[in-house]
Structures are given as C-alpha cells and as structure tokens.
Amino acid sequence: MHRTWVSCAASLVFLTASAAAVESSLDQNIDALVFAKAQGHKMTPADDAEFLRRVWLDFEGGIPTADEARAFLADPAADKRAKLIDKLIAAPRFAERMAEAFNVMLMERRGDNDAWKAWLVDAFRSNKPWDAMVREMLAPDFLNEKQRGAGYFITRRLEKVGQQDTDYPGLTRDVGRMFMGIDLQCCQCHRHLSVSEYKQIDFSGLFAVYQNLKLQSADEKHKTPWVSEGVINAKYEFASVLTSKKAQTAPRVPFGEEVMIPALTADEAWLVKPDRKTKEVGQPKFSPLHEIAQRLPAPENPLFAKNIANRVWFLFMGQGIVEPLDLHHSDNPPANPALLDLLAQELTAHHFDLRWLIRELAHTQTYQRSSTAAGTHQRHLTAEQQLRAFLGATGERERLEKNTKPDVKVDAAKYSLADFQKAFAAALANPAKEPELAANPSLRSALFLRNSDYVHWALMPRPGNLIERLAAQSDPAEDLYLSTLTRLPSTEEKARLKSWLAAHASNKAQALSDFAWALLSSTEFFVNH
Amino acid sequence: MNPLCTPGDHHLSRRAFLGGGLSLLASPVLAEAMRQKDKQVLFVWLDGGLSQLESWDPKPNTEFGGPFRSIKTSVPGVQFCELMPKLAKQMHKLCVVRSMCTKDNAHSSGVDRIQRGDPKNRGVPYPHFGAGVAKLLGPGASGLPPYVWIKPGSGGFRAEDAGFLGPKYGSLAFGDGKPPENLLRHPDISAEQDAARNELRQMLDQRFAAKREKRVVEANASVFDMAEKLMARADIFDTSRLPERDRDRYGRHDLGLHMLVARQMLEAGVRFVKVTSYGWDTHGDNFNAHATMVPKFDQAFSAMLEDLEASGLLKTTLVICLSEFGRTPRINGHVGRDHWPEAWSIAMAGHGVRHGTLVGETNDKGTAVKSQPYDIGSMFHTWYRALGIDPLKTEFDNAGQPLPIAHDEMIPIKEALA
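Residues numbered from 1 in each chain as written. Chains lettered and ligands numbered in written order. Predicted model: local features only at pLDDT ≥ 70, side-chain atom pairs only at ≥ 80, totals over all residues.

So, the overall build of chain A
For step 1, the next point in the chain: Scanning chain A from N- to C-terminus turns up 25 helices and eight strands.
For step 2, the next point in the chain: Against the 2.2 N^0.38 benchmark of 24 Å for 529 residues, chain A shows a C-alpha radius of gyration of 26 Å, consistent with a compact globule.
For step 3, the next point in the chain: Considered along the principal axes of its C-alpha atoms, chain A spans approximately 85 × 60 × 50 Å.
For step 4, the next point in the chain: By the burial criterion, 46% of the 529 residues in chain A qualify as buried.
For step 5, the next point in the chain: The contacts of chain A with a sequence gap of at least 6 include a subset with a gap of at least 24, amounting to 64%. (Helix = DSSP H or I, 4+ residues; strand = E, 2+ residues; numbered from the N terminus. Rg over C-alpha atoms; globule rule 2.2 N^0.38 Å. Buried ≥ 20, exposed ≤ 12 C-beta atoms within 10 Å, placed from the backbone. Contact = placed C-beta atoms within 7 Å.)

Here it is, written out as structure tokens:
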C-alpha cells in the first residue's frame, strides 16, 4: 500500500517512522482500535461498487460515469482501491471538493466569497498544513494577494447585521468552536453551568483579542474588507453575572497561558501611528491577533490537533469521535479516546498534513466497510454533492457549464450552472449559521425533488444526456443503474425496469425519465452509504 | 448572541429544580394522548402595534382618548372603540386582557421577544409560539405542516422561527396566501405518471432500507409524505374558488383574503395558523390610519369567529390576536401614537379561554396598568394551559438540556382560563 513517506528520501523515511514510534502503519492502528472497541462485531467490507461511490463522493464530490464505474468494477487488480484513492487525491477536483466541504464547515453558509474560495482551493491544492491555514485565517495578511482570502473567516463575521451590534462574541465563539472544538458561548457571561472546565476567563482571553478589531472597507491598498487592531495596554476586565466577581485576563488561548502585554508608553505603542488627515488607522506594535495566531495552532495546544482530527474523521466517516464537534470536554468523552489520541498525535507528528491523514483514513477497513453493517452511518449528501452527483448522473453538467447566458426560450439553454447551484442550495442546504452535521430532509427538499422544473428539465431527453442515451438502448438497465446508483442492477431490478418500460411503451423516453426520477429521488441516491 | 444575561439568571438549573420528575414527562403515552386531541391555534398578528385605545380599551373624552367614541358590546359593562362594531357584538365569545405590560418598545427586538414568549436568556434562541405548539402537539391527523403562516409579501420556509427546536419546526410561510414553491405538480407531468413514479420511489426505498438502519429512509419518507399531503390539499390555497359571499363578508382586502385562506387551513386540519397584517405602526396620522384599518380587521376577524363557531371549530381552536406592543396614550406632534409596551391589550377566544371575560384594567388616561400587570410570559403560560399543556410538567429538550416552555418565573392568568 502506498504511503506518503515512501516517496521521500530513505533517511527521512527512517526519521518519520521512528518519530511516530509505531511499527505498523496508521491505517492498521486505526482499524485495530476500532475493532477493539467493536468487541468482536464483524465488519463486513463494502463491495467494490459501494466503495467506488463512497470514495468518489468524498474525494471528488460527485459520482463516476457509467463507463468509469464499469471499468473499475471489471478491473481485476488487487490494489485497485489504493490506486483509485491516489488518483482521486491527485486530481485537481480533490482540492475543490475539500474547499467546498471546509467552506460549509467553517462558514456555515454565511454566503459566498470568491477570494475565500480561491484561498481554500489553493491551500488544499498546495497541501498547506492545517496549522499554517489556521494561522492565515486567524491573522490574515490583508496586503498579501495570496493570503487575504483567508481573512473572510473574520471579516464576514464582523459585518453588521441590521441594527445589531457587531458580533464580536460570535467571532470569539467561532474561533473556539472551529479551531479547538470548544463552544464557549455560555462563558461570555459566567462560568459554563454544565461544562466544568469551560471558564469565563477562557472566553474573555479570546474576546479581549477580537473586540479590539475593527472592520475596515476595501480600499486602494486592501482589495478586500480587512481588520485593523487597536492598542491593548492593560488586561481585559470582566465580571460574572452570577457572582458579580470581577477578574481580568490578558489575551490568552483558552486553557493556555496569558500573553505578556508589553509595557509601552502611548507614544511607543504604535508601529504606524493613526493619522486622521491621511486616514491612516494605525498599526500597534503589540498585536494580540498575531500572538493568538501563533499560539493557538500549535502542537502545544492539544485541542488544536484533536479538533481537526475529529473534524476530518467526521467528514470521511460520517460521525465525529466527539459529537457535537464543538464540545470537547471531560464529561463528553470521545467515543473512542485512544483512537482520537492516536489521530491527533500522528497528525501532529506529520506536521498537520491533512492530505496524508485523509489518505490514511481512506485506506482503513473502517472506511471501506459495508453500510449494511450495524452502526454504520448513512450520510445525507451535502447540497453540493447532491448537485454534482445529480448532474453527473443526468449528463447535463457540461451543457450547464457552457450556458453562461441562459435563454429561457431555448430548451437547451434554459439554465446555467449557477442557476442550479442556487436552486439546489436553497432547496437542500441547511439554513445559515447552523452547523451542518447532518443535512436534514425537509418538506422544502421533498417538494423540490418532486415538482421543481430543475429536476424535470434535467430528465428530459436532450442530445448527449442520460435519457437520450438510454432511449437508444434495447436493454438500458445496466447503464441506468451504473449512471445513477453506481452499481449493477440485480436480476429483480432488471425485470422491474423491463416491465415498467413495457407498461409505458407508448413513450419510452418518458418512461425512462420517470424511472430515473425515482432512482434519483430515492434514499440510496442521496445518502453516502 | 445576546449579551443581556442578567444577574440571577441560571441560579437554579432546571434539572435541579424539577428533580427526578423528568422521566415521567418524557412518557410516550402522555405525548401520544396530547397529540390525539385535535386542538388548533389561530394566531393573528397585527404587526407594528395596534392602538389599544382605538380598539379593545377606549378612553373617550380623556386627555389622550382621541376622537372616537366607545360603543357597547354584547357583554354588559364592556365597551370597545366604535371602529369595531362587529367585534363588539361578539364580545361574549372573547376574552380581552387589558393589563399587558411588556418590556420591549422596539420593533426589531419586540416582535421576536413577544413571539418567543420573552423567556430568560439561555444562550439559545427560543422558538416562536407556533414552533413550540408544532413541536409539542405535532401535525395531527391531517399530516399537514403543523405551523403555517399566511402573510403579505414573500413566502418560504422560515427555520429561524423554530429557534433551538431545529428547522423542522420552523414556519411554512405562504406569501400573499399563495402556495409554497414547487407545491404544484409540474405541468408537464400527468397525475398518473406522478403517482406511478412516486410509488416506484417508495419501492426502491423499501429495498434499500431492508438491509440498513431504517432511520434515514424513514426521515425521507416522512417529508415526502408531508409533501404529498400538502399537494393533495393544494385546494386550500386556491382563492379563486372561494364563495363570493365569503369574500364580501371577510372583506375584499389582504387581511380579509388571508383570514379566509386561514379558515380553509384550519378546516383542513393545520395545527397552527398565523395570519399577519402589516402597517399598524402609526407614528403619524394615527386616527385616520386606524379609521381605515381597524374596520377591515373588525370585519375579517369577526367573520372568522362567526364561521369557526358555526363549524364547531371554535370549540377546539384557541384564537389569539395581538401585536408586539400597544401605542402611546400621548399623541405626538404628527398626530400619531408611538410604541407603548407599558399598558396594552390582547384578545383571545375559543378553546380553553373563558368567554365574555375582561381581564385587568388601565388607569383613566390609559397610561399604566391599574390591576395586576401581565408580561408575555404569563400569556405563554395561559395559552399552553388553554391547549391542555402544563408548562410546569412539560419542557423542551435542547440537545439534552431541559428548558422550560414558558418563562419559569411567571404564571398563567387564571381568570382568563375556562
């Protein structure tokens, strides 16, 4: 089986292996821990078709064509799964799919932003280590064209909504949630009432940093909205609403040590002094933002590694080892503590290399088990996966990509890809600011699948699409099932299609379209199983 | 996030307070018994703030009384503003609370606080009353969406109304009384074709579920079923088939039409129907505005009460009419009235409330409540009680955290309950 370090120089191989201090590979160690926990429950491996569909949805974000599926299923090579994993990870689409998944996770559907998306894609394409990514998000260099997209994490959250105050507490909370897996919301006003280790000082130490920011609009120098920092020369004071007891803290990573506030006179405090005449907002010498960005994403902060290991596990296994993903604490222990420890340690030892971790996970038997096994999670596809799979199946993606200027009067040019993206997200995605742990089916999504013109349009016969292709075949069952469900039909399913076509013989294309609709609206299609 | 945690909040955790009684509450038998009853709710929201002085609590011939007279109602001793002659004849069906005293005098926060029952800050957004009822009573035998909202303007699915209960309990809003997007069968697909392919989909799901955990398939089946039920009752949105006589009785204006659509929804078995009328924020020209708007409300709301009584639905339907606050007794320089949460009125009727009752009173000028004042939390207690739900024994479950369904330091208005 391929390992990242195989391609490295021999000495490095030795170093890495000894540093990690494990004799077997990570994927084997993961499986050993999962099996130990399962206590003898048998883990049935997924068959090739199920594996193929899963790995495509996870790595590519869509499903393979019938031809690609046929080729994989027919391939007799023993290592074809490992080869497919490598191929999908090496493909340009992998970075885009990761960017989509992390955009939904980190921004929770607060809206789209091109610079942010480009930064995410670029980060995954160059396999930027997670700690470096987080540093760029936490203290963005807004003057650096390559980094400023990362600033959207902060700037979007500081935008004013209606009459409400700038949501500094919300930003503080999300830094804890997204990068350390802790939701400190309740600690804004007092110690957490049900989580003993979440203290008000943990919220306040971060809040001290973020309430010091000011959102600035894009200008000549800054091409995107950006944030300026004020001078902090004293500890931040807070009081519990329960006890009215006052306390203070310097900027501080939760559970960490306080950052020393340098003793600077008012004159010394500025690196660049604010100036009203030139509209210079100023730049302080002491930047708590940068201090936190150095200290939070670091091997010394154990929750940093655990959080991302857990989040990646969730993305690929469908369930977090700790759930909710943002409630790591001692009364909510991991389902498998040894497993989370192992992942966090190994990820740290591999310098937060997410691509490496993802490849290891995909190689595990745990990832490659059958969804019919007890306790296996069936994941609803995200709106993005569902759209990509739907357009892949119906064979309409290329046409939509070309239709940049839709024309409602011409059937083939009726919609653009953007129209579909908007419609699918509106019908299938969760509402904004909700952690997308599970996309819940809703009345809205059911009505959309059943009655919308988007779904109907894609299932009309048109040159080069699924329905037209099937209509030309005397026995379309195999193509239909491979194109939609990425598996071969059973004998019974072939017979059902045959009798369906016979019963609706007057209009074969319509009969095929209806049958394909049923497949594409079925649970088997819109869960990753 | 709301930073308005006040000292004293959360001193007692709910769980500690209720001790070991929790397991009883979760009893599926009890839950089922509650669901089986066909109680419904009509919630009429006059957005911006109806003037209590030009409606339920007139003060003619006083400093702030304004130009209108008051008239007798069907209950001796109770008088309404002359702009509500039709409702005056139905006071014997109503329960009017004149002693509302709430906290918020801004629309942006007031609308939300009143509809969420202004509970103590728990760090999570509370559900609107409709979402709470949807959660606690379910969709009922009709299988239709349990919380619908008929309003002018745009429609859609409003997950935020459900707060921590989750999007499932959000409102389904019908903008201008029109059906939600994609409700109707695609024009190019025949009814037989639609039914046949949907049956096929169900068959495929059964096959898929046979080998796996059923939860996911069941969740999908439930939303497709609800979609099916709603599609089958698309007629309740069809205003073109409404009898001309009813159109006249309810009034040929937005509120009249929307109230009529609401009646069809209640008749079809929707659990909770909210009707919103906008434009009540009369900072300027208050009296002309109320002279135009109150009679429309009088007409539509009284026609609704008549019809609900005639069909027997009033026996099982709790009817509530309110705004986010009342209006200032003092008349401003623009001959308007501003926001006044200090002393205003709410009207109720139907199931669980005491008919022909007046609760509380304001002082002579209408500037303050003279009797025991009631905050919105008390109304939530009253409404849940009227629906047969005991707020002391029923709680919401916020991901494992038990939370009270109504403000836990307030009590129901006993004299308003049947």
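Back to the text.
Things to note about the overall build of chain B
For step 1, the next point in the chain: A count of helices and strands for chain B gives 12 helices and 15 strands.
For step 2, the next point in the chain: Over its C-alpha trace chain B gives a radius of gyration of 22 Å, about what one expects of a compact globule, namely 22 Å for 418 residues.
For step 3, the next point in the chain: Partitioning the contacts of chain B with sequence separation of at least 6, the portion at a separation of at least 24 is 73%.

Details of the interface of chain A and chain B
Many structure descriptions define interface size as the accessible area lost when the parts assemble.
For step 1, the next point in the chain: Counting from both sides, the interface comprises 43 residues of chain A and, opposite them, 43 residues of chain B.
For step 2, the next point in the chain: Of the residues assigned to the side of chain A that touches chain B, the class counts are 17 nonpolar, 19 polar and seven charged. (Nonpolar A, V, L, I, M, F, W, Y, C, P; charged D, E, K, R; others polar.)

A closer look at the environment of alanine 505 of chain A
All names here are of chain A.
For step 1, the next point in the chain: Within the element layout of this structure, alanine 505 appears in the loop between α23 (491-503) and α24 (508-520).
For step 2, the next point in the chain: Classification of alanine 505 as exposed rests on a count of 9 C-beta atoms within 10 Å.
For step 3, the next point in the chain: Here the alpha-carbon distance between alanine 505 and histidine 222, two residues 283 residues apart in the chain, equals 64 Å.

Focus on the confidence of the model for chain B
For step 1, the next point in the chain: Overall, the prediction assigns chain B a mean pLDDT of 87, with 91% of residues at 70 or greater.
For step 2, the next point in the chain: Confidence drops under pLDDT 50 across residues 1-36 of chain B; counting only partners more than four residues distant or on other chains, this segment forms 37 contacts. (pLDDT = per-residue confidence, 0-100.)

Some points on the nonpolar core
For step 1, the next point in the chain: Counting 240 residues, the largest nonpolar core has Ala516 of chain A together with Val273 and Met348 of chain B as the members making the most contacts within it.
For step 2, the next point in the chain: Looking at which element gives the most residues to this core, the answer is helix α11 (residues 286-311) of chain B, with 10 residues.
For step 3, the next point in the chain: Contact partners of valine 273 of chain B, with chain neighbours within four places excluded, come to Leu42, Phe43, Val148, Ile150, Ala262, Met265 and Leu266 of chain B. (Core = buried A, V, L, I, M, F, W, Y, C linked by C-beta atoms within 7 Å.)

Points about the domain arrangement of chain A
For step 1, the next point in the chain: Per the domain assignment, the segments of chain A are domain 1 (20-127 + 299-377), domain 2 (163-295) and domain 3 (379-528).
For step 2, the next point in the chain: Measuring from the centre of the C-alpha atoms in domain 2 of chain A to the corresponding centre in domain 3 of chain A gives 48 Å. (Domains from an automatic or database assignment.)

Section: the sheet that holds strand β8 (residues 272-277) of chain B
Residue and element names in this part refer to chain B.
For step 1, the next point in the chain: Taken in spatial order, the nine strands make up an open sheet running β6-β7-β5-β8-β1-β9-β12-β4-β13, and their pairing is mixed. Among the strands making up the open sheet, the edge pair consists of β6 (156-158) and β13 (357-359). Strand-to-strand twist across the sheet, computed as the mean angle between neighbouring axes with direction ignored, equals 20°.
For step 2, the next point in the chain: Across four bridges, strand β5 (residues 147-151) lies against strand β7 (residues 171-175) in parallel orientation. Within β7, the residue paired with isoleucine 150 across the bridge is phenylalanine 174. (Pairing = 2+ DSSP bridges. Axes fitted to C-alpha atoms, helices over the stretch in contact; angles between N-to-C directions.)

Structural notes on the packing of helix α3 (residues 48-59) of chain A against helix α5 (residues 80-90) of chain A
Residues and elements named next belong to chain A.
For step 1, the next point in the chain: Packing of α3 against α5 brings their axes to within 10 Å, and their N-to-C directions diverge by 20°. Between α3 and α5, the interaxial angle falls into the category roughly parallel. Our pair here, α3 against α5, has a crossing hand that is right-handed. Residue-level inspection shows Phe51, Val55 and Phe59 of α3 in contact with α5, the latter providing Arg81, Leu84, Ile85, Leu88 and Ile89.
For step 2, the next point in the chain: Residues that form the contact of α3 with α5 fall into these classes: seven nonpolar, no polar and one charged. (Parallel < 35°, antiparallel > 145°, perpendicular 65-115°, else oblique. Left-handed = near helix turned anticlockwise from the far one by under 90°.)

Description of helix α6 (residues 129-137) of chain B
Residue and element names in this part refer to chain B.
For step 1, the next point in the chain: The buried fraction of α6 amounts to eight of the nine residues, a majority that puts the element mostly inside the structure.
For step 2, the next point in the chain: Of all the residues in α6, the buried ones are Phe129, Gly130, Ala131, Gly132, Val133, Ala134, Leu136 and Leu137.
For step 3, the next point in the chain: Phi turns positive one or two residues past the end of α6, at glycine 138, with a value near 75°.

Quick notes on unusual backbone geometry
For step 1, the next point in the chain: Residue glutamate 323 of chain A is joined to proline 324 of chain A through a cis peptide bond whose omega torsion reads -5°.
For step 2, the next point in the chain: Secondary-structure assignment places proline 324 of chain A in the loop between α13 (302-317) and α14 (337-349).
For step 3, the next point in the chain: Within the chain, histidine 351 of chain A stands out as a residue other than glycine whose phi angle is a positive 55°.
For step 4, the next point in the chain: In this structure histidine 351 of chain A comes out as exposed when scored by C-beta crowding, with 12 C-beta atoms within 10 Å.
For step 5, the next point in the chain: The residue aspartate 118 of chain B is not glycine, and still its phi comes out positive at about 40°.
For step 6, the next point in the chain: Following the sequence through the fold, aspartate 118 of chain B ends up in the loop between α5 (107-115) and α6.

Thoughts on the packing of helix α16 (residues 383-394) of chain A against helix α18 (residues 417-428) of chain A
Residue and element names in this part refer to chain A.
For step 1, the next point in the chain: One can describe the packing of α16 onto α18 by two numbers: an axis separation of 9 Å at closest approach and a directional angle of 130°. The angle between the axes of α16 and α18 places the two elements in the oblique class. Our pair here, α16 against α18, has a crossing hand that is right-handed. Between α16 and α18, the residues in contact are Ala383, Gln386, Leu387 and Leu391 and Phe420, Gln421, Phe424, Ala425 and Leu428, respectively.
For step 2, the next point in the chain: Across the contact of α16 with α18, the residue classes tally to seven nonpolar, two polar and no charged.

Regarding the pairing of strand β14 (residues 395-398) of chain B
All names here are of chain B.
For step 1, the next point in the chain: Sheet topology note: the β14/strand β15 (residues 401-404) ladder contains four bridges and is antiparallel. Its bridge partner being in β15, glutamate 395 is matched across the sheet by proline 404.
For step 2, the next point in the chain: Counting the residues that bridge the hairpin from β14 to β15 gives two residues, and of these alanine 399 lies at a positive phi of roughly 45°.

Focus on helix α12 (residues 288-295) of chain A
For step 1, the next point in the chain: For α12 of chain A, the set of buried residues is Pro288, Leu289, Glu291, Ile292 and Ala293 of chain A.
For step 2, the next point in the chain: Where α12 of chain A is buried, its residues touch α8 (130-138), α11 (200-210) and β2 (226-229) of chain A.

Topic: the confidence of the model for chain A
For step 1, the next point in the chain: Of all residues in chain A, 94% have pLDDT values of 70 or greater, and the mean over the chain is 91.
For step 2, the next point in the chain: Note that pLDDT drops below 50 for residues 1-22 of chain A; the model gives that stretch 15 contacts with residues more than four away or on any other chain.

Describing the pairing of strand β4 (residues 246-249) of chain A
Residues and elements named next belong to chain A.
For step 1, the next point in the chain: Two strands pair when backbone bridges link them, and strand β3 (residues 236-239) and β4 are joined in this way by four bridges, in the antiparallel orientation. By the bridge assignment for β4, phenylalanine 238 is matched with alanine 247.
For step 2, the next point in the chain: What sits between the antiparallel neighbours β3 and β4 is a turn of six residues, in which serine 244 has the positive phi angle 60°.

Regarding the environment of alanine 227 of chain B
For step 1, the next point in the chain: With respect to the helices and strands, the residue alanine 227 of chain B is situated in helix α8 (residues 215-232).
For step 2, the next point in the chain: Sequence separation of alanine 227 of chain B and glutamate 267 of chain B is 40 residues, and the distance between their C-alpha atoms is 18 Å.
For step 3, the next point in the chain: In this view, alanine 227 of chain B contacts Leu443, Ala446, Leu447 and Arg450 of chain A; residues no more than four positions away in its chain are not counted.

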